[in-house]
Amino acid sequence: MKKFINARIYGQDEADEMLVEDGNFKAVGKNLGDADEVIDLENQLVLSPYVDPHLHLDYIFSGLGEGNANISGTLFEGIQRWSDNKKTLTKEMVRERAMEGIRKEVSHGVQYIRSHVDITDPELTGMKALLEVREELKEVVTLQLVAFPQEGFFRFEGAEELLEKALDMGADVAGGIPHFEISYEHGAESLKRIVDLAVKYDVMIDIHCDENDDPNSRFLEVLNALVMEKDYGQKTTASHTCSFGSADNSYAAKMMGLFKESNINFISCPTENAHLQGRTDSYPKRRGLTRVKELLENGNTVAFAQDSIADYWYPLGNGNMMNILDNGIHLAHYTHIDEINKAFDLVTINGAKVMQVEEQYGIESDKPANFIVLDANDAYGAIRERADVLASVRNGEYLFKRAPKTNEIAHDFLK
Ligand SMILES: [Zn+2]
């Protein structure tokens, strides 16, 4: 039995100790009694691990190297460049990229990742590689894979069969990209078929939905209607929905009522979409974000995600969810201290809800003893200082532990 003491547990002011046995929390509270090993967390902030619910592990680092830059900075040039590049991709290359991407995320305190994997490839190279990685690294990270038709469900010949094959092989989630199909009708029909496939295989749905600035892009409305009718909203996520941030207020108000009925989830990728959207604007330039605060107030789950690490769509990113959170709360106008105090939800529990892992997630008795320790004493201080993750514990064991940054040399003023 192991006991962590002097923990400032996010959202649990009344508890400061965590008792761990056989990889699970045995108790969380105060004065929990003796243990074989006692670890003092020195009043540092303890969170459930970071969750990154939208990433593309098969693309990571594809944008590095001469001639690989996305010149226009648009989503569509990214898709074209990827389409050209992936013809030479091998399983080993995908594996190496994914391993490096996961290493980066885990070393920043992430323990749950949902990765889209392009299945518009007759060989399903990426999916084969990632299915092996999911199994190989399950002690380190919980990985969910989305069968994602990057080049279009209809635009890429055979995508429907490939998507179904990927679900047969063990993909966890069905994906789609309706705004990339050749007409509204094609996009809407793609959603209908993807939802039917997901229901048939009893898997979750995560759609790249309206990732554009067109206020009349309406695939979110179509997706929401389809899953509402099948009572499938809680298993469904609309990723991006940038256009909903540009939609007319009266239309948005109508949709909010329907989202409440369907219980559909949302993922916003603040750095990615601030980068990709607004490219056809002069000034004013739009932020590219969906209505994060309003959707949360509406009772829907919204999580933030990294999306890209140095790929054709986005040149930066390192898997640090604190950076995503910091950008996201600025872009979404989180200003009041009460909002900032709860902002960690966007990169922890909300992502876990989207991934439907919340029954195994959280600092509570009988759940896996998974948590991270930040170099801060409270949530507000951690966010304001963009605090580093000092330790990540999974099933009661350290994945890593590191010392806080200190000065080697310091002026008297800084001591
Ligand atoms: Zn994406």
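Residues numbered from 1 in each chain as written. Predicted model: local features only at pLDDT ≥ 70, side-chain atom pairs only at ≥ 80, totals over all residues. Heavy atoms only, no water.

So, on to the pattern of salt bridges. Between side chains of opposite charge, pairing is possible as soon as their charged atoms come close. With the rule as written, the count across this model stands at 28 salt bridges. Note that E77 is salt-bridged to R81, the shortest N-O span being 2.8 Å. Taken together, the residues E77 and R81, both in helix 1 (residues 75-85) and four residues apart, mark about one turn of the helix. With a shortest N-O distance of 2.6 Å, K200 and E164 are connected by a salt bridge. Residue K200 is found in helix 5 (residues 184-201), and its partner E164 is found in helix 4 (residues 159-169); the two are separated by 36 residues along the sequence. (Salt bridge = Lys/Arg side-chain N within 4 Å of Asp/Glu carboxyl O. Helix = DSSP H or I, 4+ residues; strand = E, 2+ residues; numbered from the N terminus.)

Space inside the largest pocket adds up to approximately 330 Å³. What lines the largest pocket is a set of 17 residues, among which L289, T290, R291, E294 and L331 lie closest to the centre. No other element matches the four residues that helix 9 (residues 292-297) contributes to the lining of the largest pocket. When its volume is computed, the second largest pocket comes out at roughly 280 Å³. What lines the second largest pocket is K293, L296, E297, Y334, D338, E339, K342, A343, D345, L346 and N350. When residues of the lining of the second largest pocket are traced back to their parent elements, those giving at least two are helix 9 and helix 11 (337-341). Top contributing element to the lining of the second largest pocket by residue count: helix 9, with three residues. Here the lining of the second largest pocket is built from residues that sort into four nonpolar, one polar and six charged. (1 Å grid on protein atoms, 1.4 Å probe; cavity = no way out; pocket = protein on both sides within 12 Å on 5 of 7 lines; lining within 4 Å. Points joined across faces, edges and corners; volume = space filled by probe spheres on them. Nonpolar A, V, L, I, M, F, W, Y, C, P; charged D, E, K, R; others polar.)

The strand order across the open sheet formed by seven strands is 3-2-1-4-13-14-15, and the pairing between neighbours is mixed. At either end of the open sheet lies a strand with only one pairing partner, and these are strand 3 (24-29) and strand 15 (397-401). Strand-to-strand twist of the sheet, defined as the mean angle between neighbouring strand axes without regard to direction, takes the value 30°. By the bridge criterion, four bridges tie strand 14 (residues 389-394) to strand 15 in an arrangement that is antiparallel. Residue V393 lies in a different strand from strand 15, and its bridge partner there is Y398. (Pairing = 2+ DSSP bridges. Axes fitted to C-alpha atoms, helices over the stretch in contact; angles between N-to-C directions.)

Coordination of the zinc ion by the protein is provided by H54 (NE2), H56 (NE2), H208 (NE2) and D307 (OD), with metal-donor distances spanning 2.1 to 2.7 Å. Viewed at the metal, the four donor atoms of the zinc ion are separated by angles of 86 to 177°, and the geometry they form is irregular. Each donor residue of the zinc ion lies on the same chain, and together they follow the pattern H-x1-H-x151-H-x98-D. One end of the pair, H54, is in strand 5 (residues 50-55); the other, H208, is in strand 9 (residues 204-209), with 154 residues separating them in the sequence. By relative accessible area, H54 is classed as buried at 0%. (Donors = N, O, S within 2.8 Å, 3.2 Å for Na, K, Ca; no water. Tetrahedral: all angles 85-135°; square planar, octahedral: opposite > 155°, others 65-115°. Buried < 20%, exposed > 50% of the residue type's maximum accessible area, 1.4 Å probe, protein only.)

As a further point, take empty space enclosed by the protein. Tallying each qualifying case throughout the model produces two cavities of 30 Å³ or more. Taken as a whole, the largest cavity holds about 100 Å³ of empty space. If you trace the largest cavity, you find 16 residues lining it, with H56, L75, H208, E211 and W313 closest to the centre. Broken down by secondary-structure element, the contributors of at least two residues to the lining of the largest cavity are helix 1 and helix 8 (270-276). Each residue belonging to the lining of the largest cavity can be placed in one class, and the counts come to seven nonpolar, five polar and four charged. If you go around the second largest cavity, the residues you meet are D210, P215, S217, R218, L220, E221, S243, F244, A247, Y251 and M255. Mapped by element, the contributors of at least two residues to the lining of the second largest cavity are helix 6 (219-229) and helix 7 (249-262). Here the lining of the second largest cavity is built from residues that sort into six nonpolar, two polar and three charged.

Right, let's talk about the side chain of K86 for a bit. For K86, the position within the fold is in the loop between helix 1 and helix 2 (91-107). There is a polar contact of 2.7 Å between the side chain of K86 and the side chain of E151. The contact partners of K86, leaving out residues within four places of it in the chain, are D118, T120 and E151. (Polar contact = N/O pair within 3.5 Å; in protein donor to acceptor, adjacent residues only side chain to side chain. Contact = heavy atoms within 4.5 Å.)

A word on the domain arrangement of the protein. Per the domain assignment, the segments of the protein are domain 1 (2-48 + 362-401) and domain 2 (50-360). Every contact between the two is made by 24 residues of domain 1 and, on the other side, 27 residues of domain 2. Carbon and sulfur atoms make up 58% of the surface buried where domain 1 meets domain 2, a total of about 2000 Å² over both sides. Per-residue buried area on domain 1 facing domain 2 is highest for Y10, I383 and R394; these three make up 33% of the total on that side. The interface formed by domain 1 and domain 2 holds one salt bridge in total. Between D326 and R386 there is a salt bridge; the shortest N-O distance is 3.1 Å. Here domain 1 and domain 2 share 13 residue pairs in polar contact (both at pLDDT 80 or more) between them. Broken down by secondary-structure element, the contributors of at least two residues to the side of domain 1 that touches domain 2 are strand 4 (37-47), strand 13 (371-374), helix 13 (379-385), strand 14 and strand 15. Split into classes, the residues belonging to the side of domain 1 that touches domain 2 amount to 16 nonpolar, five polar and three charged. (Domains from an automatic or database assignment. Buried area = accessible area lost by both parts, 1.4 Å probe.)

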